[in-house]
Amino acid sequence: MNEPTPPRKSILTDASNLGLSRLLEPVDEEIVWCEDDFPALFEHLLGARIGLELDDPTLATRHETIQHCLVSPQREEGLLLAIKKYAVANMSDPGGSLPKPLAKALFLASIASSRLAGFRGFSRLSDVEFQQGGHWCLAQTWVPASVRELVRDALRHSSNEPGRVHP
Amino acid sequence: MRPQTTSSQKLKADPIGFPSTRWSLVGVAGQDRCQEAISDLVAMYMPALRNWLVRSKRLEPQLADDVLQAFLVDKMVSGYLFRMADRQRGKFRSLVLRALGNFSNTLLSNLSRDKSRLVVVENEDVLGVGAAPEQDVLFDFEWARALLDNAILAMESECARKGRSDLWEVFRSRVLGPALEDKPPPPYEDLVLRLGLRAPREAVNLMVTARRMFQRCLETEVSRYATSPNEIQEEINQLQAVLGRMRAL
């Protein structure tokens, strides 16, 4: 047997000891992104084509962005429902694409949009629940201005409607 | 003429169905002097042993290489250490460390007397004085580093082989780089711009796939000396604890 050959040079340098234990941590699919990523992630989500992000074959040919679907004056109930369904799936699925808080904000944004469009029966969320959710959404610093405005308008609209019960 | 038996064939043929752990490999190396098994074990231990000599024993790299070379030839390639191994007496790597510690002490003290050359003295008390417990931890640390190093290299090679530079890039920038530099990962936008990602779903899929691939590479490395999923996980947990302990020092 030949004498052993010297080992190749390590990728890990001397100065690289402190965070190494992180590499041995089990894969937690719920912690793919940290909260610092949320603003950029949400902006990216809003700018993504609905057919691409939602991975729904029936929407494959739709090129509208999610932002457009939420705020366009000509909202389509079907698209908003698809966004809501996607958000709900991500809120409950441990291996979902979105962090849960983002999914929750998207869920509330879809309901806010449907309320402004007057789509009846879009959600089973009561006014009180929507208002609580809406205020939670406005309190999140990472929620983009366009979604804040949408939620704020829907909250205002909701409280101005005659016959509404206010908390 | 006796047909040459490879270590893997020998392990599969083990009559008592002993799992192909480090111990079965050690057994093959010790009892039969199977060269392939010895080579496997030497290759597995060499990086951590060298780093331990350089970092913990504070030997100059060239001297560490010389000491290690002498140790490997004298104690491992010869099969001596494998014959001394006893599963009941603890981890094999503790035995190797103790042997190397004693071997290097003897060798270096001889060197200080005869400065012209390294003189290997036969019959030094390889197993006599045990390494201090902190030396065990330091060696486990080097072991963990070598293991991670191999897993990282395996992942990089697999990504290159499969044309998945995107997975390597995601792993390098979001997981490996921050871990090595102990810093938070770069902003999400950087990743999106660098890889031309069109939607968060793409970014998440890449991230999750990359992390799973690394986990698999890591488990494959550990499975070279531990077999059952429990053993593998236990070893990873122990090494993580060692790395965490080093961080705290």
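Residues numbered from 1 in each chain as written. Chains lettered and ligands numbered in written order. Predicted model: local features only at pLDDT ≥ 70, side-chain atom pairs only at ≥ 80, totals over all residues.

Points about the overall build of chain B
Part 1 of the reasoning: The number of helices and strands found in chain B is 11 helices and 0 strands.
Part 2 of the reasoning: Going from N to C terminus, chain B has its helices and strands arranged as α-α-α-α-α-α-α-α-α-α-α.
Part 3 of the reasoning: Here chain B, with 249 residues, has 39% of them falling under the buried criterion.
Part 4 of the reasoning: Pairs at least 24 apart in sequence give 64% of the contacts found in chain B among residues at least 6 apart. (Helix = DSSP H or I, 4+ residues; strand = E, 2+ residues; numbered from the N terminus. Buried ≥ 20, exposed ≤ 12 C-beta atoms within 10 Å, placed from the backbone. Contact = placed C-beta atoms within 7 Å.)

Concerning the overall build of chain A
Part 1 of the reasoning: Each helix and strand in chain A was counted, giving 7 helices and 0 strands.
Part 2 of the reasoning: Each helix and strand of chain A, ordered N terminal to C terminal, gives the series α-α-α-α-α-α-α.
Part 3 of the reasoning: The proportion of buried residues among the 167 residues of chain A is 33%.
Part 4 of the reasoning: By sequence separation, contacts in chain A at least 24 residues apart represent 53% of the contacts at least 6 residues apart.

Considerations on the packing of helix α8 (residues 165-181) of chain B against helix α10 (residues 200-222) of chain B
All names here are of chain B.
Part 1 of the reasoning: Look at α8 against α10: their axes get within 9 Å of each other, and the N-to-C directions meet at 85°. Between α8 and α10, the angle is such that the two are roughly perpendicular. Counting all contacts with α8, which are made through Asp-166, Leu-167, Val-170, Phe-171, Arg-174 and Val-175, the residues of α10 involved are Leu-206, Met-207, Thr-209, Ala-210, Arg-211, Met-213 and Phe-214.
Part 2 of the reasoning: The residue inventory of the contact of α8 with α10, partitioned by class, reads 9 nonpolar, 1 polar and 3 charged. (Axes fitted to C-alpha atoms, helices over the stretch in contact; angles between N-to-C directions. Parallel < 35°, antiparallel > 145°, perpendicular 65-115°, else oblique. Nonpolar A, V, L, I, M, F, W, Y, C, P; charged D, E, K, R; others polar.)

A few points about the interface of chain A and chain B
Part 1 of the reasoning: Each partner contributes to the interface: chain A provides 34 residues, whereas chain B provides 43 residues.
Part 2 of the reasoning: Listed by contribution, the elements that provide at least two residues to the side of chain A that touches chain B are α1 (38-47) and α2 (50-53) of chain A.
Part 3 of the reasoning: With 4 residues, α1(A) is the single largest residue contributor to the side of chain A that touches chain B.

Section: helix α4 (residues 77-92) of chain A
All names here are of chain A.
Part 1 of the reasoning: Helix length check: α4 (16 residues) gives 23 Å between terminal C-alpha atoms against 22 Å at 1.5 Å per residue, within 8%.
Part 2 of the reasoning: Within the span of α4, buried status applies to Leu-79, Leu-80, Ala-82, Ile-83, Lys-84, Tyr-86, Ala-87 and Asn-90.
Part 3 of the reasoning: Contacts from the buried residues of α4 go to α2, α3 (66-71) and α5 (100-117). (Expected span 1.5 Å × (residues − 1).)

Quick word on unusual backbone geometry
Part 1 of the reasoning: Phi angles above zero are rare outside glycine, and B:Arg58 is one such case at about 60°.
Part 2 of the reasoning: With respect to the helices and strands, B:Arg58 occurs in the loop between α3 (35-56) and α4 (61-77).

Describing the confidence of the model for chain B
All names here are of chain B.
Part 1 of the reasoning: Mean pLDDT over chain B works out to 77, with 76% of the residues at or above the 70 mark.
Part 2 of the reasoning: Across chain B, element-level confidence peaks in α10 with a mean pLDDT of 91 and bottoms out in helix α1 (residues 7-12) with 38.
Part 3 of the reasoning: With pLDDT under 50 throughout, residues 1-21 is counted as low confidence; its partners more than four residues away or in other chains account for 26 contacts.
Part 4 of the reasoning: Of the two predicted TM-score estimates for the complex, the pTM is 0.72 and the ipTM is 0.74. (pLDDT = per-residue confidence, 0-100.)

Some words on the nonpolar core
Part 1 of the reasoning: In terms of nonpolar packing, the biggest core is built from 107 residues, with A:Ile83, A:Leu102, A:Ala109 and A:Val151 touching the most fellow members.
Part 2 of the reasoning: When residues of this core are assigned to their parent elements, the largest contribution, 12 residues, is made by helix α7 (residues 133-161) of chain B.
Part 3 of the reasoning: When residues no more than four places from it in sequence are discounted, the contact partners of A:Val151 are A:Leu108, A:Ala109, A:Ala112, A:Gly134, A:Cys137 and A:Leu138. (Core = buried A, V, L, I, M, F, W, Y, C linked by C-beta atoms within 7 Å.)

What to know about the environment of B:Arg161
Part 1 of the reasoning: Turning to its location among the elements, B:Arg161 is positioned in helix α7.
Part 2 of the reasoning: Note: C-alpha distance between B:Arg161 and B:Ser56 (105 residues apart in sequence) is 36 Å.

Examining the environment of A:Asp37
Residues and elements named next belong to chain A.
Part 1 of the reasoning: Residue placement: Asp-37 occurs in the segment before α1.
Part 2 of the reasoning: C-beta crowding within 10 Å serves as the criterion here: with 23 such atoms nearby, Asp-37 is assigned to the buried category.
Part 3 of the reasoning: Taking C-alpha positions, Asp-37 is 8.8 Å from Trp-142, a pair spaced 105 residues apart along the chain.

Some points on the environment of B:Ala241
Residue and element names in this part refer to chain B.
Part 1 of the reasoning: Within the secondary structure, Ala-241 sits in helix α11 (residues 229-248).
Part 2 of the reasoning: For Ala-241, a count of 15 C-beta atoms within 10 Å translates into the label partly exposed.
Part 3 of the reasoning: Sequence separation of Ala-241 and Glu-36 is 205 residues, and the distance between their C-alpha atoms is 32 Å.

Considering the packing of α4(A) against α5(A)
Residue and element names in this part refer to chain A.
Part 1 of the reasoning: Closest axis-to-axis distance for the α4/α5 pair is 8 Å, and the angle between their directions is 155°. When the axes of α4 and α5 are compared, the pair comes out roughly antiparallel. With respect to the hand of their crossing, α4 and α5 are arranged in left-handed fashion. Contacts between α4 and α5 involve Glu-77, Leu-80, Ile-83, Lys-84, Ala-87, Val-88, Asn-90 and Met-91 from the first element and Lys-100, Ala-103, Lys-104, Leu-106, Phe-107, Ser-110, Ile-111, Ser-113 and Ser-114 from the second.
Part 2 of the reasoning: Along the lines of polarity and charge, the residues of the contact of α4 with α5 split into 9 nonpolar, 4 polar and 4 charged. (Left-handed = near helix turned anticlockwise from the far one by under 90°.)

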